[in-house]
Amino acid sequence: MSDAMVAASASEATSGGTTQQVDVAVVGAGFAGLYLLHRLRRAGFTTVTLEEADDVGGTWYWNRYPGARCDIQTIDYTYTFDPELESGWKWSEKYATQPEILRYLGFVADRYDLRRDIRFRTKVTAATWSQAVERWMLKTDNGPAVSCRYYIMATGCLSAPKPPEIDGVKDFKGEIYFTGRWPHEEVKLAGKRIAVIGTGSSGIQSIPLIAEQAAHLTVFQRTPNFALPAHNGPAPVDRVTLLENDRVSYREQARMSLAGVPWPQQMAVSWQLSDAERRERFEKAWAAGDLVYILTQLWADQAVDVDGNALLAELFREKIRATVKDPETAEALIPYDHPFGAKRPCLDTNYYATYNRPNVTLVNLRQEPIKSITASGINTETRAFDADVIVFATGFDAMTGAIMAVHPITGRGGKSLSDVWANGPQTYLGLTVAGFPNLFMITGPGSPSVLSNMAVSIEQHVDWVVDRLIAMREAGFTTIEATEMAQAGWARHMADCSMLTLHRLANTWYTGANVPGKAQGVMPYTGGVGPYRSICNEVVGRGMLGFKLTGPNVAEQCNDGEIVRLQPDVRLVLNMLADLKLPPLESFGSQGLRDFVAQFNASRPAGRPVGEVLDGTLPGPDGPLPYRLYRPATPGPHPIVVYFHGGGWVLGDEQADEPFCRDMSRRTGMIFVSVGYRHAPEHRFPAAAEDAYAATRWIADHAGELGGQPGPVLVAGWSAGGNVAAVACQLAQDRGGPQIAGQLLVCPVTDCRFDRSSYNDNAAGYFLTRSLMYWFWDLYCSPADRTDPRVSPLRGKLTGLPPAFVVTCEFDPLRDEGIAYAEALAAAGVPVEQLQARGHFHSSFTMVDVVITGVSGRVQMAQALRRFAGLPPERKQGDEGVRPDRTAAPREISVAAG
Ligand SMILES: Cc1cc2nc3c(=O)[nH]c(=O)nc-3n(C[C@H](O)[C@H](O)[C@H](O)COP(=O)(O)OP(=O)(O)OC[C@H]3O[C@@H](n4cnc5c(N)ncnc54)[C@H](O)[C@@H]3O)c2cc1C
């Protein structure tokens, strides 16, 4: 259909008034809407921006309460798309005030002459997609409706204030203010009795300033919050120097960072640091007054592990106790109900000290909830507080509020967005929604948005969207729509990411918990700004993966699929490995590869502390074999697990899987004895198998001397170690002992056939490659021997073997032979459980310090070993806050009859 026909039919559809026809309608004139308008115009699209307020600014237009400031340093919280704009504006403070940020946005609007295409005082009230004309029709509360090809909601994550949930607000005879809708004219607070409800960011920023003016200030607090002193003033010299020395790379690092501010990834984990070192790091962060710094720079496990986080939270609590003189008030102000950072922490100036003032009272609503608001003030369940002014600092219906306030948004086939999102927002990339063609959201739910420096996220979104519109125009496409498959995949990836952080452990506006009746779930993307950006780029690089594109004169294009199938941390690891551009590992030769792996492992932490680590030797079939024993800190005697490391029968030693052994020893409460069996090519088949058997027998016979429980042992192994563990079980059965209570086989080699699908699907790109496996096999075992069950246990006698827990990883060449072994064991009547780990690769579970999403799998492995040993499942670790991934629950294979 030609544009003229489109225009005609679109204007016919409206009743009264002329419909404004544009290529693109943008809703919102904050940071996002302004940049959109600028880019769209320059790209030659006809555009209108619709804005409810009477000027530009968005957040910074509406939030004029006393003390309103940004909480990301202003040198970072700023547009970066135009170097001339950057040099044309100088921020006066480390954290700019609301008036200064508003002036800046006005300056930007003037500089690019944006206001002429903005319809102010115009609220979009409903939006409908017409499939016939392939356009959106937007209804407004002021002036003509708008017909547009593309509808972009730049409506803001924090722009829909949450209405008060308290009875009697209308009865109050005094003044009422909302921090998110603060009047433009001066509000006189001096000498008045003021009540502030809410201690989120707006409350924490405004309370100290209100207290200075008020006759009396009463603060009503439901949820205490962590607040860090801002130490505002000029922008810190070190940061400014860093920026000015190399602006381009500073900005680029911000774009690829986790939170949109260029700080490096912390490597040291909390348990590698002494108390004094941790305290020193914390004090430095306290003095720095920078939220992103304290959220990311103390230790690597602070945001992903409950124990690592608790250490930081406790140091924080000490500061609150030291500042607030009245111990009862201090206790009420201390958060205990959420990990630090799981709820947005705040930046403050004199917040805690304000409670030392004689004219300030804190009311703890956890102890005495508000019953009602009356004509004269606020009644809690136990007391009445008179007030002249009530300030609601109760926050926002975050992320979805402003989007859902445009109601209805009707997509293809009459679908309403509120129905589609009834159980929580569903998006692809946080940018688009299946069933809603040509609709884009800037920083929508499912994007890093509020977990990032939003200036960086907004620029990335705007650039991505506008670049797509340009590319579509060039290719002749007129519609774009996410597919259901892509959207479902994104939901899975979001859920995987949220397992990585502690956000899911707090009830916050990130999860929708602050709004009664709102669907619950972590709404922002927790995988980080840099990874998110690379995913968006990958979508484009892979032919607009997950989008259907159509146009009048071009063939429809739909490259369907899921953009991220790997676990998020596995993706990072594989990307890092890919960046190393290593030659094929087999090209190092056996000794070269051993040296390389040893060097690689030396840079990794050994793992968490256990009770004791002992080295020894045991007699093998052809001389002594080294072992390393990990004893838990709990009182013994403990059951013993005989462990065999991975390395393709060629690499590794008894220390090679140290982090895994320590972790599993702690989780199981068992002794792990890791055996240094002989390697190929010096010692070929069946040396490793015979060593494994001999070691198992010796350890079982000497359990008491090793401090273990006499009786059956357990065996475990990863990769080739899983192979020799499985073989040891078969040999023990054939040769009359020792008794083995259970076997844990993690990504085991079980067979010499290479034609199973996983050998092709995962042949390259997942570190363990098919060609590396071929090489391992060649070094260990001649083709004539390969069907021997001592190297292909799948071909052995399976009946009567000990119960097994078999772990396989989706992106592992060995996946299918692991599954085949589990199925064969089950068919032979052996009790078997399988964990088919989605999104994981061969090394996921042994890279304890890096692949955090492996925790839930290791929890299940530990539980299985405890079951085999006849112990109850308990042994809680701090990271059990990491809930087991339900999609990775073990499958029990039924035992064959008989
Ligand atoms: C007090 C406060 C401090 C903050 N500090 C920081 C910070 O330091 N760092 C940071 O990264 N982020 C901060 N944020 C988040 C902040 O919202 C973003 O940084 C950024 O300003 C968002 O810009 P935006 O254009 O996406 O949305 P907004 O600035 O919220 O603009 C959205 C605009 O859309 C308009 N609108 C919405 N619905 C409609 C409709 N139906 N019709 C017409 N117009 C509509 C609104 O009126 C609004 O003007 C803060 C937020 C608040 C509330």
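The structure this text deals with has already been given above.
Described in the following lines is the structure provided in the data block. (Residues numbered from 1 in each chain as written. Predicted model: local features only at pLDDT ≥ 70, side-chain atom pairs only at ≥ 80, totals over all residues. Heavy atoms only, no water.)

1. Thoughts on the environment of glycine 444
Line of reasoning, step 1. Examined against the element boundaries, glycine 444 turns out to sit in the loop between strand 18 (439–441) and helix 16 (454–475).
Line of reasoning, step 2. On a C-alpha basis, the gap between glycine 444 and tyrosine 428 in space is 9.7 Å, while along the polypeptide they are 16 residues apart.
Line of reasoning, step 3. Those residues in contact with glycine 444 that lie beyond four places of it in its chain are Met399, Gly430, Ser449 and His461. (Helix = DSSP H or I, 4+ residues; strand = E, 2+ residues; numbered from the N terminus. Contact = heavy atoms within 4.5 Å.)

2. Focus on the sheet that holds strand 8 (residues 193–197)
Line of reasoning, step 1. Read across the sheet, 5 strands follow the order 7-16-8-9-12 without closing on themselves; strand pairing throughout is parallel. Taken across any chain shown, the strands that pair with only one partner, and hence form the sheet edges, are strand 7 (175–178) and strand 12 (360–364). In this sheet, adjacent strand axes meet at a mean angle of 20 degrees when their direction is disregarded.
Line of reasoning, step 2. Packed onto the sheet, helix 6 (residues 201–213) meets strand 8, strand 9 (216–221), strand 12 and strand 16 (389–392) and runs at close to 155 degrees relative to strand 9. (Pairing = 2+ DSSP bridges. Axes fitted to C-alpha atoms, helices over the stretch in contact; angles between N-to-C directions.)

3. Quick look at the site of the ligand
Line of reasoning, step 1. Looking at the ligand, there are 33 residues lining it, with Glu51, Thr59, Asp71, Tyr77 and Met454 nearest.
Line of reasoning, step 2. Between the ligand and aspartate 71, the relevant distance is 2.5 Å, taken from an oxygen atom to a main-chain nitrogen or oxygen of the residue.
Line of reasoning, step 3. At 3.1 Å from an oxygen atom of the ligand is found a main-chain nitrogen or oxygen belonging to isoleucine 72.
Line of reasoning, step 4. When the ligand sits alone it has 980 Å² of accessible area, and the protein chains cover 96% of it.
Line of reasoning, step 5. The element best represented in the shell around the ligand is helix 3 (residues 59–62), accounting for 3 residues.
Line of reasoning, step 6. Per-class residue counts for the shell around the ligand are 17 nonpolar, 11 polar and 5 charged. (Near = heavy atom within 4 Å. Polar contact = N/O pair within 3.5 Å; in protein donor to acceptor, adjacent residues only side chain to side chain. Areas by Shrake-Rupley, 256 points an atom, 1.4 Å probe, with all protein chains shown as cover. Nonpolar A, V, L, I, M, F, W, Y, C, P; charged D, E, K, R; others polar.)

4. A few points about the packing of helix 9 (residues 275–288) against helix 11 (residues 306–323)
Line of reasoning, step 1. One can describe the packing of helix 9 onto helix 11 by two numbers: an axis separation of 11 Å at closest approach and a directional angle of 60 degrees. By the angle between their directions, the pair helix 9 and helix 11 is classed as oblique. Viewed along their axes, helix 9 and helix 11 form a crossing whose handedness is right-handed. Residues Arg278, Arg279, Phe282, Glu283 and Trp286 of helix 9 form the contact with helix 11, whose own contacting residues are Leu311, Leu312, Leu315, Phe316, Glu318 and Lys319.
Line of reasoning, step 2. Across the contact of helix 9 with helix 11, the residue classes break down as 6 nonpolar, no polar and 5 charged. (Parallel < 35°, antiparallel > 145°, perpendicular 65-115°, else oblique. Left-handed = near helix turned anticlockwise from the far one by under 90°.)

5. Things to note about the pattern of salt bridges
Line of reasoning, step 1. Counted by the stated rule, this structure contains 56 salt bridges.
Line of reasoning, step 2. In this structure, the salt-bridge partner of glutamate 368 is arginine 383, at a minimum N-O distance of 2.4 Å. Of this pair, glutamate 368 sits in the loop between strand 12 and strand 13 (370–373) while arginine 383 sits in the loop between strand 14 (377–380) and strand 15 (384–386); the two residues are 15 residues apart in sequence, bridging distant segments of the chain.
Line of reasoning, step 3. The exposure class assigned to glutamate 368 is buried, which follows from its relative accessible area of 9%.
Line of reasoning, step 4. A salt bridge links arginine 815 to aspartate 816; the nearest nitrogen and oxygen atoms lie 2.7 Å apart. In this structure, arginine 815 and aspartate 816 share a single accessibility class: buried.
Line of reasoning, step 5. Here the residues in one salt-bridge network are Arg41, Asp113, Arg116 and Asp117, joined through shared partners. (Salt bridge = Lys/Arg side-chain N within 4 Å of Asp/Glu carboxyl O. Buried < 20%, exposed > 50% of the residue type's maximum accessible area, 1.4 Å probe, protein only.)

6. Topic: the sheet that holds strand 21 (residues 554–558)
Line of reasoning, step 1. The strand order across the open sheet built from 3 strands is 19-20-21, with neighbouring strands paired in antiparallel fashion. Each edge of the open sheet is held by one strand with a lone partner, namely strand 19 (479–482) and strand 21. Adjacent strand axes in the sheet meet at a mean angle of 15 degrees when their direction is disregarded.

7. Some words on the pairing of strand 19
Line of reasoning, step 1. Across the two faces of strand 19 the burial is the same, with Thr479 and Glu481 and Ile480 and Ala482 all buried.
Line of reasoning, step 2. In the sheet, strand 19 pairs with strand 20 (residues 547–551) via 4 bridges, with the strands oriented antiparallel. Of the residues in strand 20, the one forming a bridge with threonine 479 is threonine 550.

8. Description of the packing of helix 22 (residues 687–701) against helix 23 (residues 720–734)
The relative placement of two packed helices is expressed as an angle between their axes plus a distance between the axes.
Line of reasoning, step 1. Their axes nearest at 8 Å, the elements helix 22 and helix 23 cross at an angle of 65 degrees. Between helix 22 and helix 23 the crossing geometry is right-handed. Within the contact between the two elements, helix 22 uses Ala688, Ala689, Glu690, Ala692, Tyr693 and Thr696 and helix 23 uses Val724, Val727, Ala728, Leu731 and Ala732.
Line of reasoning, step 2. Of the residues assigned to the contact of helix 22 with helix 23, the class counts are 9 nonpolar, 1 polar and 1 charged.

9. Things to note about the nonpolar core
Line of reasoning, step 1. Ranked by size, the top nonpolar core spans 132 residues in total, and within it Phe31, Leu217, Leu429 and Leu469 carry the most contacts.
Line of reasoning, step 2. When residues of this core are assigned to their parent elements, the largest contribution, 10 residues, is made by helix 16.
Line of reasoning, step 3. When residues no more than four places from it in sequence are discounted, the contact partners of leucine 217 are Ile194, Val196, Ile207, Ile210, Ala211, Asn359, Val360 and Thr361. (Core = buried A, V, L, I, M, F, W, Y, C linked by side-chain atoms within 4.5 Å.)

10. Comments concerning the side chain of threonine 74
Line of reasoning, step 1. With respect to the helices and strands, threonine 74 occurs in the loop between helix 3 and helix 4 (83–87).
Line of reasoning, step 2. Reaching out from threonine 74, the side chain makes a polar contact with the backbone oxygen of glutamate 93 at a distance of 3.1 Å.
Line of reasoning, step 3. One polar contact links the side chain of threonine 74 to the main-chain carbonyl oxygen of lysine 94, over a distance of 2.7 Å.

11. Focus: the packing of aromatic side chains
Line of reasoning, step 1. Under the defined criterion, the tally for this structure stands at 49 aromatic pairs.
Line of reasoning, step 2. Geometrically, the ring pair formed by tyrosine 35 and phenylalanine 81 is stacked, given 4.3 Å between the ring centres and 20 degrees between the ring planes. Residue tyrosine 35 is located in helix 2 (residues 31–42), and its partner phenylalanine 81 is located in the loop between helix 3 and helix 4; the two are separated by 46 residues in the primary sequence.
Line of reasoning, step 3. When its relative accessible area of 21% is taken as the criterion, phenylalanine 81 is described as partly exposed.
Line of reasoning, step 4. Ring plane angle 70 degrees and centroid distance 5.3 Å describe the contact between tyrosine 79 and phenylalanine 81, whose orientation is recorded as edge-to-face.
Line of reasoning, step 5. Its relative accessible area of 1% is what places tyrosine 79 among the buried residues.
Line of reasoning, step 6. Put simply, the rings of Phe31, Tyr35, Trp60, Tyr77, Tyr79, Phe81, Trp89, Trp91, Tyr104, Phe107 and Tyr112 pair up and form one aromatic cluster. (Phe/Tyr/Trp six-rings, centres within 6.5 Å; stacked < 30°, edge-to-face > 60°.)

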